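# Structural overview for review
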Amino acid sequence: MKQPLILFLCFCAFSFAEAQGKYFTRTGHISFYSKTPLEDIQANNRQVASVIDFSTGEMVFSVLMKSFEFPKALMQEHFNENYIESDKYPKSTFKGKILNIQTVDVQKNGSYPVEVEGELTIHGVTKPVKSNGTLEVKENKIYGKSQFTVAVADYNIQIPKLVRDNIAKNIDIQVDMVYEPFKQ
Amino acid sequence: MQQLYKLLFFLIFLTASIQLQAQNDLLNLLENDSLNKGQKDYTYATFKSTRVINGQSVETQKAKVLQFLISHRFGRLNSGAYNFFGLDDATIRLGLEYGLTDVLTIGVGRSSLEKTYDGFVKYKVLRQRPSGMPVSVVLFASTAINTLEFSDAERDNLFSSRLSYTYQAIIGRKFSDKLSLQLSPTMVHRNLVPTTVDQNDVYAVGVAGRYKLTKRTSLNAEYFYLLPGETANDYYNSLSVGFDIETGGHVFQLHFTNSQGMLEKFFVPATNGNWLKGDIYFGFNISRVFSLKKEEKKPY
């Protein structure tokens, strides 16, 4: 009857090791760009929370939409009030997986190209997303960077005719994160 | 032995559920975390403009934003075909207002009615929050200077007799994304009134609201109730209904009102139009905002 106990301890140890493999940030930076001949719009969010679990490759992002800062206050108000509807859909989330997690060694400094696949939820609409990025391990911190494009229409965000020429149909998104080891 | 397998199975199941639990906890942790950080989280867009119709709304300009406001009222609808139902006449106010901070706005304006200049300060004392503070409270003070030539130049005319003042507290709440209401106790002081029975100080309570029809349009209404007194006997309460259309940096407001003037000193104590008789003015406000904030392009 000793075997189950050993097994149980093994499982416990495994769960514990998993906790060690988590990297975390609350101050990640996501920016987006809308480029049209009439107007370039850029917004920055520097309060993005995210976790990567290196034992499984699972990756989670949580983005508070009201934290996007625009150069023009009215733009920010319209973004929240008319486009993203932040009161109804306060957060955007990404739940995904790093497909080639086995190639990343968090103990060794270096830059690792990664492939990420998952589900992106914006404005209450969930769509599958696939993107490439890099993870750079440096002094026990992990610098994550990625760029991808989302189509405004995919997320059921309506742009009125009057400003159709001012807002791009495809928005470029840049992700720039600095992860630190997660301590429980 | 079978018991052992059962136990083993149970343990595997248990660990699997622990793992799943851990991942959910991870997401919960993130979500709670980023939500709790919303310390700047104020309710926004209670009204589309800084005016409901004639009166001030609970909105102030954002920091470093300049607004140019054109307010225009035609003549009375009941003035007949000869006056093209009022469209031949026009009263206008041109105004500029600027947000020193998100909660402090200053403004100036010039009305064609009685050739009046005005200046005002608007300060947001309390700001509504999605959780916590239930209302926004704004204090408003303005001075108006009538610059008409004195009717009797022979008389001993004082500059102070040109001045009138308005003090107002605006208590507003955005009840839902569609409905916003506000209450505004108002006092208008006029240094000079035509006769001795006229009140120098006039007290009134304003009620105003908006109901959004679509994301970019809303129905507005505004009513100023004069507290009983000589003024309430001689004049009408100001009642206005309007329609807001918002397009990017512009807000267009179209409305019908029984007040001709667009300053508190005109529409609170001196509204002489009667809705039932058709003394109704059609008018509009057009606002355009300019952001004077330098676009900071932080390096990516």
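About the criteria used
Residues numbered from 1 in each chain as written. Chains lettered and ligands numbered in written order. Predicted model: local features only at pLDDT ≥ 70, side-chain atom pairs only at ≥ 80, totals over all residues. Heavy atoms only, no water. Helix = DSSP H or I, 4+ residues; strand = E, 2+ residues; numbered from the N terminus. Contact = heavy atoms within 4.5 Å. Areas by Shrake-Rupley, 256 points an atom, 1.4 Å probe, with all protein chains shown as cover. UniProt positions renumbered as here; feature names shortened; annotations may be inferred. Buried < 20%, exposed > 50% of the residue type's maximum accessible area, 1.4 Å probe, protein only. Polar contact = N/O pair within 3.5 Å; in protein donor to acceptor, adjacent residues only side chain to side chain. Core = buried A, V, L, I, M, F, W, Y, C linked by side-chain atoms within 4.5 Å.

Broken down by element type, chain A carries two helices and eight strands. The secondary structure elements of chain A, listed N-terminal to C-terminal, are α-β-β-β-α-β-β-β-β-β. Taking contacts inside chain A between residues at least 6 apart in sequence as the whole, the part at least 24 apart equals 59%. Approximately 9,600 Å² of chain A is accessible, and the part contributed by carbon and sulfur atoms is 55%.

Here we come to the UniProt feature "domain: DUF5777" (unreviewed entry) in chain B. Taken from the UniProt record, the annotation "domain: DUF5777" (unreviewed entry) applies to residues 47-290 of chain B. Across residues 47-290 of chain B, helical content stands at 4% and strand content at 52%; the span's end C-alpha atoms are separated by 18 Å.

Let's shift gears to the UniProt feature "domain: Lipid/polyisoprenoid-binding YceI-like" (unreviewed entry) in chain A. With numbering matched to this structure, UniProt assigns "domain: Lipid/polyisoprenoid-binding YceI-like" (unreviewed entry) to residues 46-178 of chain A. The annotated region residues 46-178 of chain A carries 8% helix and 53% strand content, and the separation between its end C-alpha atoms amounts to 11 Å.

Time to look at helix α2 (residues 73-83) of chain A. Among the 11 residues in α2 of chain A, nine count as buried, and that is most of the element. Listing the buried residues of α2 of chain A in full gives Ala73, Met75, Glu77, His78, Phe79, Asn80, Glu81, Asn82 and Tyr83 of chain A. In this structure, the buried residues of α2 of chain A make contact with β1 (22-35) and β2 (40-53) of chain A together with β6 (163-174), β8 (201-214) and β10 (238-247) of chain B. Glu85 of chain A sits one or two positions beyond α2 of chain A and adopts a positive phi of about 55°.

It is worth spelling out the side chain of Lys212 of chain B at this point. The residue Lys212 of chain B is located in strand β8 in this model. Looking at Lys212 of chain B, the relative accessible area reads 5%, which means it is buried. Within the local environment of Lys212 of chain B, its side chain forms a polar contact with the side chain of Glu81 of chain A, the two groups lying 2.5 Å apart. Residue contacts for Lys212 of chain B: discarding those within four places in its chain leaves Glu81 and Asn82 of chain A together with Lys48, Asp177, Lys178, Thr217 and Ser218 of chain B.

Residue and element names in this part refer to chain B. Positive phi is not limited to glycine here, since Glu114 has a value of about 55°. By relative accessible area, which is 33% here, Glu114 ends up partly exposed. Phi at Lys115 takes a positive value of approximately 45°, unusual for a residue other than glycine. Assignment of secondary structure puts Lys115 in the loop between β3 (104-111) and β4 (116-126).

It is worth spelling out the nonpolar core at this point. Counting residues in hydrophobic clusters, the biggest one holds 46 residues, and the most contacted among them are Phe54, Phe61 and Phe68 of chain A. Setting aside chain neighbours within four positions, we find Phe54 of chain A in contact with Gly21, Tyr23, Ile101, Val104, Val106, Leu135 and Ile142 of chain A. With nine residues, the next largest nonpolar core counts Val52, Phe120, Phe140 and Ala208 of chain B among its residues.

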